[in-house]
Amino acid sequence: MKKLLFKLFFALAFASIPLHGQEKIQQVEFSSFGGRALYSSRYTLNSLKKEFSAKPLMGQKEELPKEISLPNTPKNWEAFTKKINLDKFKKLRDGPSQQDFDGQDEVIIIKTDKKTYRKMNARGNDHDREVWYSLLQIIAKEFGKKSIYE
């Protein structure tokens, strides 16, 4: 019995230690702003909550959902973060601002236990575009949407 408890203790202890070099995602944010849309929006997700906020720009009186805050669970957060390929995200290259052409700029920020990664308009080539839009779709699904642009 002592051997079984001893093995169980070490198995749990080693399972709770992250592997050297692996980063643990703590928060994911998506923001869009500028352009002709005349509003900015922000999605923020972490282990405790999922939030959406939208603000009209330049004094617009448009009716927007101002803020949505939903509780999150550790189980849901773990499933969400497993869908994100952090290594691919790190390799994305920032794109130019779209505001010069009345477009909206988009920024994704991923905060880990080691570092914060920020990418803006990172959809310049086919590979980057696939990774970028895949991540946007993962975020949108957390809010019950098919697309972040919905």
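Quick caveat, the model's predicted, so the values are computed rather than measured.

## What about the pattern of salt bridges?
On inspection of all chains with the given rule, the structure shows 9 salt bridges. Notably, a salt bridge pairs Glu-78 with Lys-82, separated by 3.3 Å at the nearest N-O pair. Taken as a pair, Glu-78 and Lys-82 lie in helix 2 (residues 74-82) at a separation of 4 residues, close to a single helical turn. Overall, Lys-82 belongs to the exposed group, its relative accessible area being 63%. Arg-129 is the partner of Asp-126 in a salt bridge, and the nearest nitrogen-oxygen pair spans 2.8 Å. With Asp-126 and Arg-129 both in helix 4 (residues 126-142), this residue pair falls 3 residues apart, about one helical turn.

## Let's talk about unusual backbone geometry
Residue Asn-121 is not a glycine yet carries a positive backbone phi of 50°. Turning to its location among the elements, Asn-121 is positioned in the loop between strand 6 (116-120) and helix 4. We classify Asn-121 as buried; its relative accessible area is 2%.

Procedures and definitions
- One numbering rule holds for all chains: residues counted from 1, following each sequence as written.
- In keeping with the predicted nature of the model, local features appear solely for residues at pLDDT of at least 70, side-chain atom pairs appear and are counted solely at 80 or more, and the whole-chain, interface and lining totals rest on all residues.
- Where side-chain values are given, they derive from all heavy atoms of the structure, hydrogens and water being excluded.
- One speaks of a salt bridge when a side-chain nitrogen belonging to Lys or Arg is within 4 Å of a carboxyl oxygen belonging to Asp or Glu.
- What counts as a helix is a DSSP run of H or I of at least four residues, what counts as a strand is a run of E of at least two, and both are numbered from the N terminus.
- Partly exposed describes any residue whose relative accessible area lies between the buried limit of under 20% and the exposed limit of over 50%, with all areas from a 1.4 Å probe on protein chains only and scaled to the type maximum.

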